[in-house]
Amino acid sequence: MPIDWFQPGGARKRIVGIGSALVDILVSTDDAFVAQTGVPKGGMIYFDPPVIDQVLKDAGATPQIVPGGAACNTITGVARLGGETRFLGKRGRDEFGERFEAALVRHGVDTLLADSATPTGRVLSLITPDSQRTMLTYLGASSEMVPEEVPPAYFQDCAVALIEGYLVYNRTLFQHAMQSARQAGTRIALDLSSFTVVDENHRNLKSIVARYVDILIANEDEARAFTGLEDETAAVRALAEQAELAVVKRGARGSLIGHGDQIITVPAHGEGNVVDTTGAGDLWASGFLFGLVQGLPLAQCGKLASVCGYEVCCVIGASIPAEGWQRIRQFTAIYPDRTGLKEVS
Ligand SMILES: Nc1ncnc2c1ncn2[C@@H]1O[C@H](COP(=O)(O)OP(=O)(O)O)[C@@H](O)[C@H]1O
Ligand SMILES: [Mg+2]
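Residues numbered from 1 in each chain as written. Chains lettered and ligands numbered in written order. Predicted model: local features only at pLDDT ≥ 70, side-chain atom pairs only at ≥ 80, totals over all residues. Heavy atoms only, no water.

Can you lay out the sheet that holds strand 8 (residues 133-138) for me, pointing to particular residues and giving the numbers?
On the basis of which strands lie adjacent, the open sheet formed by 5 strands has the order 3-8-7-2-4 and mixed pairing. The open sheet has two edge strands with one neighbour each: strand 3 (44-46) and strand 4 (64-68). Strand-to-strand, the axes of this sheet are offset by a mean angle of 20°, without reference to chain direction. Summarising the sheet, strand 3 and strand 8 pair through 3 bridges and their orientation is parallel. Residue pairing across strands places Ile 45 opposite Leu 136, the latter belonging to strand 8. (Pairing = 2+ DSSP bridges. Helix = DSSP H or I, 4+ residues; strand = E, 2+ residues; numbered from the N terminus. Axes fitted to C-alpha atoms, helices over the stretch in contact; angles between N-to-C directions.)

Right under this line is the structure:
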């Protein structure tokens, strides 16, 4: 099924992400330590930086510090696939902010971060031996983006803008980002982010989706929260009435892509031997959107998405290691003129 937005060789290929600039601080620990923090295992609670610093100190382990945030993960993934990218967000004028920015720049992302006197946002993830994550979050500067920091000029050379659902809490910014992208003639993709985000912002999201969104990305829980439908096929149909392209991701059961009255069933990749599903949806979107702007047929976009989603499930954390990217590149041997991809087998 062709979708004729992005022809191979089309002028615009860049994908711009707008999201929370969060540093991920990963620490391996045990259940007893998690219990001491008072955060329910597997859950997330907001704290101020001094509390997070203290918990990190008490953990006594050397943390791994990497850029995080859903849209940022997706954009980094697109950059690793060889796509042109940009990221818009807001950081603090501190070491975490510098590290966040440097990591994106290193991956070749055109990084346009506003800055603030407020510290950079961060998520301390306590990873237990069962690979569950318990999170202590401080949004800091990441939640302070204002409309002037997301002007239409930043979208002018972009094929797709990927907007993170978490931004809906910053209502003015959220709508302004949609307007800027629209004004620049950029297709708008919205990832619903979490079923809590959908439940808490149901009316606003519905009206924004109907007005602006071309590509609506949800997992099974978000699709149910948005549509009120238990049946996933019915849900993807309902979503495809709101946006030209709709996606329902279903973990190990693969995904459904809806376009008009057609539905494509995309199988998951791999043998189901996964380690940690953090970032699965984010990297799924990397493969899907990259394929789309290369002008690949939807089924091939879905296939590439499944491969990327699977590879991030094979490791702890939201970033695919070099061997994983090597395997993914077998699926994306790019033509020399970069006008398209070889068939994904
Ligand atoms: N256990 C798994 N085995 C293989 N692939 C998986 C597995 N879990 C996730 N994936 C891949 O990652 C994609 C996104 O994961 P999913 O859990 O549906 O999204 P989200 O992270 O948004 O909840 C899936 O559609 C699938 O392609
Ligand atoms: Mg899931």
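There is more to say after this.
I'd like a description of the environment of Asp 115, backed by residues and values.
Relative to the elements of secondary structure, Asp 115 occurs in strand 6 (residues 110-116). The class for Asp 115 is partly exposed, based on a relative accessible area of 38%. The spacing of Asp 115 and Ala 305 is 190 residues in sequence and 32 Å in space, taken between C-alpha atoms. If we skip the residues at most four places from it in the chain, Asp 115 touches Lys 90, Arg 91 and Arg 93. Here the side chain of Asp 115 touches Arg 93 through a polar contact of 3.4 Å, side chain to side chain. (Buried < 20%, exposed > 50% of the residue type's maximum accessible area, 1.4 Å probe, protein only. Contact = heavy atoms within 4.5 Å. Polar contact = N/O pair within 3.5 Å; in protein donor to acceptor, adjacent residues only side chain to side chain.)

Let's hear about the layout of surface pockets: which residues, and what values?
By volume, the second largest pocket is sized at about 380 Å³. What lines the second largest pocket is a set of 21 residues, and nearest its centre among them are Val 66, Pro 67, His 107, Ala 318 and Ser 319. Counting residues per element, the ones that place at least two in the lining of the second largest pocket are strand 2 (22-28), strand 4, helix 3 (70-81) and helix 4 (95-106). When grouped by side-chain class, the residues that make up the lining of the second largest pocket number 9 nonpolar, 8 polar and 4 charged. (1 Å grid on protein atoms, 1.4 Å probe; cavity = no way out; pocket = protein on both sides within 12 Å on 5 of 7 lines; lining within 4 Å. Points joined across faces, edges and corners; volume = space filled by probe spheres on them. Nonpolar A, V, L, I, M, F, W, Y, C, P; charged D, E, K, R; others polar.)

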